[in-house]
Amino acid sequence: MPKSFRKVALKYPVLIRNVNNLSDARYCAGMGVKIIGFNFSPDHAASIEEAVYQGIRGWITGVEIAVKTANLLDYKSLEPDYVLTEEEYSVNHGEIDLPVIYAFDINNVPEILPPKGSYLLVYTSNIEDKLKLHDNFIGHICKDFKVFLGFGFDENNIHEVHATFEPYGFALEGGHEIAPGLKTFEDLANILEVIEID
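The structure presented is a predicted model; accordingly, all values stated were derived computationally and were not measured.

Participant: Whenever I open this one, the sheet that holds strand β2 (residues 35-39) confuses me. Can you help?
Facilitator: Paired through backbone hydrogen bonds, the strands of a sheet run either parallel or antiparallel to each other. Ordered in space as β1-β2-β3-β4-β5-β6-β7-β8, the eight strands form a closed barrel in which the pairing is parallel. Along the sheet, successive strands turn relative to each other by an average axial angle of 25°, direction set aside.

Have a look at this one:
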């Protein structure tokens, strides 16, 4: 069962993206998540309004913030620690004065990747996808980039996956509240609790 809100530490850096409610944000901050990601793209199912975002930020501490905006350069008023984008790398991204996390679907790898050492978030839109179908590519990019791996693991194999590929960390999804203030944390808790440092 999920633990009460208390600050713990995790063995691996974890990014929770598409958070859009206070329950997720507080739980993730208390569980030692490194980065909480908010999506401001209006056409996304987990899109969040700036007023809600600012309210959530007032309740959480000790966690870094990543934002994904419709226009890549619209992040400044949100005062994040990272910019999250699914745009292909461009030299024009040098205008961004924060670290950029480049996200992409493993089945739609960009032709141009950012410089080595950059942050990547690799996910899949195919629920049937398995890491073994992409192990050569995943192994390669984990050597050259700070990869948040967003698929192919669960609470039963996350340590094995980390030992095999050595990603920088793991990416998980936030979710909608059942009702304001009412939230089931089972999906997040099952994984976060097995990587908690005793």
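Participant: Help me understand the environment of I56, please; the structure alone is not making it clear to me.
Facilitator: In this fold, I56 is placed in helix α2 (residues 50-57). In this structure, the C-alpha to C-alpha distance between I56 and R26, residues 30 residues apart in sequence, is 8.4 Å. With sequence-adjacent residues up to four places away left out, I56 is seen in contact with N20, N21, L22, A25, F38 and I48.

Participant: So what exactly am I meant to see when it comes to the pairing of strand β1 (residues 14-17) here?
Facilitator: Taken residue by residue, a regular strand's side chains alternate between the two faces of the sheet. Burial along β1 is two-sided: V14 and I16 and L15 and R17, pointing in opposite directions, are all buried. Pairing analysis gives four bridges linking β1 to strand β8 (residues 169-173), with the strands arranged parallel. Bridging from a neighbouring strand, V14 pairs with F170 of β8. Following the chain from β1 across helix α1 (residues 22-30) to the adjacent parallel β2, one finds a crossover that is right-handed.

Reading the values: the criteria
Residues numbered from 1 in each chain as written. Predicted model: local features only at pLDDT ≥ 70, side-chain atom pairs only at ≥ 80, totals over all residues. Heavy atoms only, no water. Pairing = 2+ DSSP bridges. Helix = DSSP H or I, 4+ residues; strand = E, 2+ residues; numbered from the N terminus. Axes fitted to C-alpha atoms, helices over the stretch in contact; angles between N-to-C directions. Contact = heavy atoms within 4.5 Å. Buried < 20%, exposed > 50% of the residue type's maximum accessible area, 1.4 Å probe, protein only. Right-handed = clockwise from strand over helix to strand, strands pointing away.

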